[in-house]
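The lines below spell out each chain.
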Amino acid sequence: AWYQTRFAMPWDGDSHQVSLRFGSVNYLADVWLNGAYLGQHVGGHLPFNFEIGAHLRPEANLLVLRVDGRLAPTQVPPGRESSGYGSWDPPRQYPDVSFDYFPYCGIQRPVQLVSTAPGALADLTVVTEIAGADGMVHVSLKRAAADDVIARLTLRGHGAEVRGELTMGEQAETTLRVSQAAFWSPAAPHRYELTVELLRDGLPFDRYSLPIGIRTIAVEGDQLLLNGEPIMLRGFGRHEDFPVLGRGFHAAVAVKDYGLMQWLGANSFRTTHYPYAEETLELADRLGFLVIDEIPAVGLCFDDGEANIAERLRMCEQQTHELVQRDKNHPSVIMWCLANEPRSYQGDVVPFFRTLYDLTKRLDPTRPATLVSDLGVLEESFAFYDVVCMNRYYGWYTEQGRLETGAARLAEELDAIYARFPKPLILTEFGADAIAGMHAQPPEMWSEEYQAELIRRYIAVLNSKPYVVGQHVWNLCDFKTGQGVMRAGGLNHKGIFTRDRRPKLAAHVLRELWSIRPKTEDRRPEPAAPSNAEAQRARDAET
Ligand code: BDP
């Protein structure tokens, strides 16, 4: 497809640098401005930008973009043509892709013109630590210029104001200490506003503000710790998908989805199967959701020769770089996820995933890294990933119609996996299709009762395993897929809500299990407000 638009901007050729920033173009983008070729970006769901100062005209500018949504075998996610898919694979869908959602192509998020002063801030990284009741906020600054300027930092919120000032060239680091800090958590997503101002010869020329949350995330033994306390993730795998809009970002839909998740008592989700819009993560920070942030590495295959595999690894590395760079400062992002259901049985994939794991840890040593598998105990990479993430559909794709046998198999398998990989385990997908309005007693497949009962039984199993630290139902909403015999109306019907966000029976069951359950049933309560809760409340009231 081709896009074109004309724009004017109030710019008189001054020394500011102007760039064009694309939030997401799926999959391959070529861009021209006023007839000059700016370049190409490969890969959807992540931002990219081009400097355009040299080509800008004072009045009318013509921006042209060509987008190619065809997926080659070497791309991530890979095109379906690439390999011999296993005999267990679901029948092919139309369009024929290696994953189970509609391959919407095109511009899916905002395109912005960005103007910055010469020598402006180029990068800002915030890492937080907890020292007793205090918060330590480590800030790293980078500029694309070496002249000496003054960086003035201010951290404000919850009655506190902490300041710092330093001289910097290309980069600088400093730590701000917030005494008696209000920590960030789902129960109380407290944030502070960090402002960095740059001054040259006493005059401010750049200013950047960022809301931050002071929190820690760590794996200890078989538990996931938020601010030092065990945390249980309750939530969903999802899709950016809505009637008419397809995958195009829409703020009202994003807000609605958070409202639904809060109504259910969810505290978490995974960005299945690609990074979500930045606005969505900002809302997660603000509302206190824990996010497993995933690169678009869904359906990776390993049976089509070394050259293709190497190229896919290169793409995964690029996407990991872009994702960590984009999302590193979000308190909501607690984990990086480097693949969904790779076809690991097709070869020795350990070097592939070791490389990705090591890269992620180099880019961000502060967050756990994981990969989501459907191979269970045979997934060798679980040996070095920090958290074991598994998708399971007993009682749906296998043990069809047999809820009890399905739940028993799950219980058995979880223990076997834990015996081999004694780490925290998250069941990152489980569920059943239910066509809204279809009912059956006793429960039968495709009915709302069957979906609700399967989820209830799975959650009972998960709650009985102390090493299970997360339960993510597949999916929050019904979503568009290709056409195929398993996808009535071109939809995956595993949503707890319909595609237009009306609850099915399972939504009420989840709400009862997650939100209005008696307190005594909650093995692992959310961490209470840190340190002195009274003092905290007083500070909040003050603010
Ligand atoms: C899982 C995939 C997910 C599918 C789901 C399903 O990770 O993308 O939509 O199965 O079949 O294996 O519903």
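Not measured: the values here are computed from a predicted model.

Visitor: Give me the lowdown on the layout of surface pockets, citing residues and values where you can.
Guide: Taken as a whole, the largest pocket encloses approximately 1500 Å³ of empty space. Lining the largest pocket are 37 residues, and of these Arg21, Ala122, Tyr208, Glu278 and Gln325 sit closest to its centre. For the lining of the largest pocket, the elements supplying multiple residues, two or more each, are strand E2 (17-22), strand E6 (48-51), strand E9 (111-116), strand E10 (121-131), strand E16 (203-212), helix H2 (278-287) and helix H3 (306-327). Considering each element in turn, the lining of the largest pocket owes the most residues, six residues, to E16. Considered class by class, the residues forming the lining of the largest pocket number twelve nonpolar, eleven polar and 14 charged.

Visitor: Give a description of empty space enclosed by the protein that names residues and reports values.
Guide: Counted by the stated rule, this structure contains four cavities of 30 Å³ or more. Counted as a void, the largest cavity has a volume near 180 Å³. What lines the largest cavity is a set of 18 residues, and nearest its centre among them are Glu240, Asp241, Val253, Ala254 and Asp257. Per-element accounting of the lining of the largest cavity gives the leading share, four residues, to helix H1 (residues 251-264).

Visitor: Lay out the sheet that holds strand E4 (residues 28-33) with the relevant residues and their values.
Guide: Spatially, the four strands line up as an open sheet ordered E1-E7-E4-E5, and their pairing is antiparallel. Strands with a single pairing partner mark the edges of an open sheet, and in this sheet they are strand E1 (2-7) and strand E5 (36-42). Each strand axis lies, on average, 15° off the axis of its neighbour in the sheet, ignoring direction. In terms of strand pairing, E4 meets strand E7 (residues 61-68) through six bridges, oriented antiparallel. Bridge pairing in E7 links Trp32 to Val64.

Visitor: An account of the pairing of strand E24 (residues 369-373) is requested, with residue identities and associated values reported.
Guide: With five of its five residues buried, E24 lies for the most part within the structure. Because side chains alternate across E24, one face comprises the buried residues Ala369, Leu371 and Ser373, and the other comprises Thr370 and Val372, equally buried. Strand direction decides the pairing type here: strand E23 (residues 333-340) and E24, joined by three bridges, are parallel. Of the residues in E24, the one forming a bridge with Asn340 is Val372. Handedness of the crossover joining E23 and E24 through helix H4 (residues 350-363): right-handed. Sheet analysis places E24 next to strand E25 (residues 387-391), joined by four bridges and oriented parallel.

Visitor: Describe the pairing of strand E15 (residues 192-200), and please don't skip the residues or the numbers.
Guide: Relative to E15, strand E12 (residues 149-157) is paired through seven bridges, and the arrangement is antiparallel. Paired with Leu155 across the two strands is Leu194, which belongs to E15. Across nine bridges, the pairing between E15 and E16 is antiparallel. Within E16, the position partnered with Glu197 by the bridge is Arg207. The turn linking E15 back onto E16 is made up of two residues, and Asp201 within it adopts a positive phi angle of 50°.

Rules of the game
- Residues numbered from 1 in each chain as written.
- Predicted model: local features only at pLDDT ≥ 70, side-chain atom pairs only at ≥ 80, totals over all residues.
- Heavy atoms only, no water.
- 1 Å grid on protein atoms, 1.4 Å probe; cavity = no way out; pocket = protein on both sides within 12 Å on 5 of 7 lines; lining within 4 Å.
- Points joined across faces, edges and corners; volume = space filled by probe spheres on them.
- Helix = DSSP H or I, 4+ residues; strand = E, 2+ residues; numbered from the N terminus.
- Nonpolar A, V, L, I, M, F, W, Y, C, P; charged D, E, K, R; others polar.
- Pairing = 2+ DSSP bridges.
- Axes fitted to C-alpha atoms, helices over the stretch in contact; angles between N-to-C directions.
- Buried < 20%, exposed > 50% of the residue type's maximum accessible area, 1.4 Å probe, protein only.
- Right-handed = clockwise from strand over helix to strand, strands pointing away.

None of the figures reported here should be taken as evidence of function without further support.
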